[in-house]
Amino acid sequence: MTASSSTTAASHLVIRPLAGPGELDLFLRLTYSLDHELADDLATGRRLPEWMWVALDGESDGEGGGRLLGRIAWWTNKEGGEPLALDFFDLAPELTEEERADVGLRLLETATAAVVPAGTQRPEFGRFMPADWREVPETRSVLESLFSVLERAGARPLVERLRLEWRPGTPVPEPKGRLEFRPVRDREDLVALMTPVMEGTLDGHGQADLASGLSAREAAELHYDEEFTHYASPQEWWQVAQLPETGEPVGFVVPARNNYHHTIAYIGVLPAHRGHGYIDDILAEGTRILAATDVPRIRAATDLGNVPMAAAFARAGYVTFERAINYVWDAPGASGS
């Protein structure tokens with residue numbers, strides 16, 4: 001690919017993809033919490049060097065390139081897949097606000113034009129952030145510079161999320177006996193339960209799916225097919241909660257192991273059974289299943305605005321260790337309203 005060059009207020013800017021995995025050290029001159037995953041992602045095909053771009057001060061630093069001013073990268077969930085998420089976007093903290101705006105927009109637009117096919121929807125951007133990011137001036141300044149660049153490029157904020165973690169040694173409540181649990185039988189068994197949960201969802205991504213024109217059933221199928229089918233962990237872990245007397249389904253939980261962590265991937269209570277505290281019983285069951293496998297941690301996430309779910313995780317002993325934010329681009333030709 002041809003590198004794009006432009007002039008900033010201070011230096012000659014070179015924007016290009018990595019030449020290969022051997023340039024990973026160059027990419028790592030800036031830091032982010034997912035840096036430790038990059039080598040394995042490259043080895044397994046979840047990332048490609050041509051999806052990992054850098055913005056360099058054109059003057060050589062004597063170590064194979066100029067000063068790293070910015071970096072950006074996309075990810076997919078399996079070898080050979082299309083880029084599914086934009087999950088790295090960093091700018092050198094020493095840059096001025098004006099330089100961040102200039103370098104960031106040039107890097108984002110140049111790399112996107114090369115990685116994302118013209119006329120297709122740009123992959124969603126996701127960023128992990130310290131839980132107190134708004135209270136730390138330096139952190140807030142850098143992040144808000146990134147968000148400003150994204151918005152100038154046509155993205156809009158979708159949702160801010162709490163990232164949660166259960167740690168070994170945290171007590172898991174004993175079963176109360178109010179519910180029985182059985183494994184999910186098959187795709188239809190779970191999708192049929194996800195559909196009514198989706199109809200009244202407080203989840204920002206679910207709401208966006210419905211706003212795009214998908215039915216609740218279609219949104220549930222999309223979620224299942226894009227996420228659940230890729231888990232290598234046993235499907236027997238997935239549980240349906242039901243009333244002991246009648247066998248009527250009350251809700252479900254999907255404990256799983258994704259590419260990186262054990263997680264409560266999805267959990268829901270059917271609308272007809274809300275208001276009885278069943279979420280605590282269902283979350284405890286999912287936590288017990290994973291804790292019994294001697295995991296180093298269990299990860300989960302919920303939208304900042306989903307106060308009932310956040311409270312349930314807190315009661316179950318999950319702690320907020322980070323936040324995350326998602327930005328999206330509307331499909332070409334679609335309205336962002």
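The structure presented is a predicted model; accordingly, all values stated were derived computationally and were not measured.

Caption draft 1: Expanded view of the pattern of salt bridges. Per the counting criterion, the structure on display carries 29 salt bridges. For the salt bridge of Asp-41 with Arg-46, the shortest nitrogen-to-oxygen distance reads 2.9 Å. Classification of Arg-46 as buried rests on a relative accessible area of 8%. A network of salt bridges, in which partner residues are shared, links Asp-40, Asp-41, Arg-46, Arg-47 and Asp-87.

Caption draft 2: Expanded view of the packing of aromatic side chains. Throughout the structure, instances matching the rule amount to twelve aromatic pairs. Measuring from centroid to centroid gives 5.6 Å for Tyr-224 and Phe-228, while their planes differ by 75°, and the two rings are edge-to-face. For the pair Tyr-224 and Phe-228, one class covers both residues: buried. Consider the rings of Phe-313 and Tyr-318, whose centres lie 5.1 Å apart with planes at 70°: the pair is edge-to-face. Residue Phe-313 is classed as buried on the basis of its relative accessible area of 2%. In this structure Tyr-318 comes out as buried when scored by relative accessible area, which is 4%. Feature note: the residues Tyr-224, Phe-228, Tyr-231, Trp-238, Phe-252 and Tyr-266 constitute an aromatic cluster, connected by ring pairs. Above the face of the Phe-128 ring, Arg-163 is positioned so that its terminal group lies 3.5 Å from the ring centre.

Procedures and definitions
- Residues numbered from 1 in each chain as written.
- Predicted model: local features only at pLDDT ≥ 70, side-chain atom pairs only at ≥ 80, totals over all residues.
- Heavy atoms only, no water.
- Salt bridge = Lys/Arg side-chain N within 4 Å of Asp/Glu carboxyl O.
- Buried < 20%, exposed > 50% of the residue type's maximum accessible area, 1.4 Å probe, protein only.
- Phe/Tyr/Trp six-rings, centres within 6.5 Å; stacked < 30°, edge-to-face > 60°.
- Lys NZ or Arg CZ within 6 Å of the ring centre and 35° of its normal.

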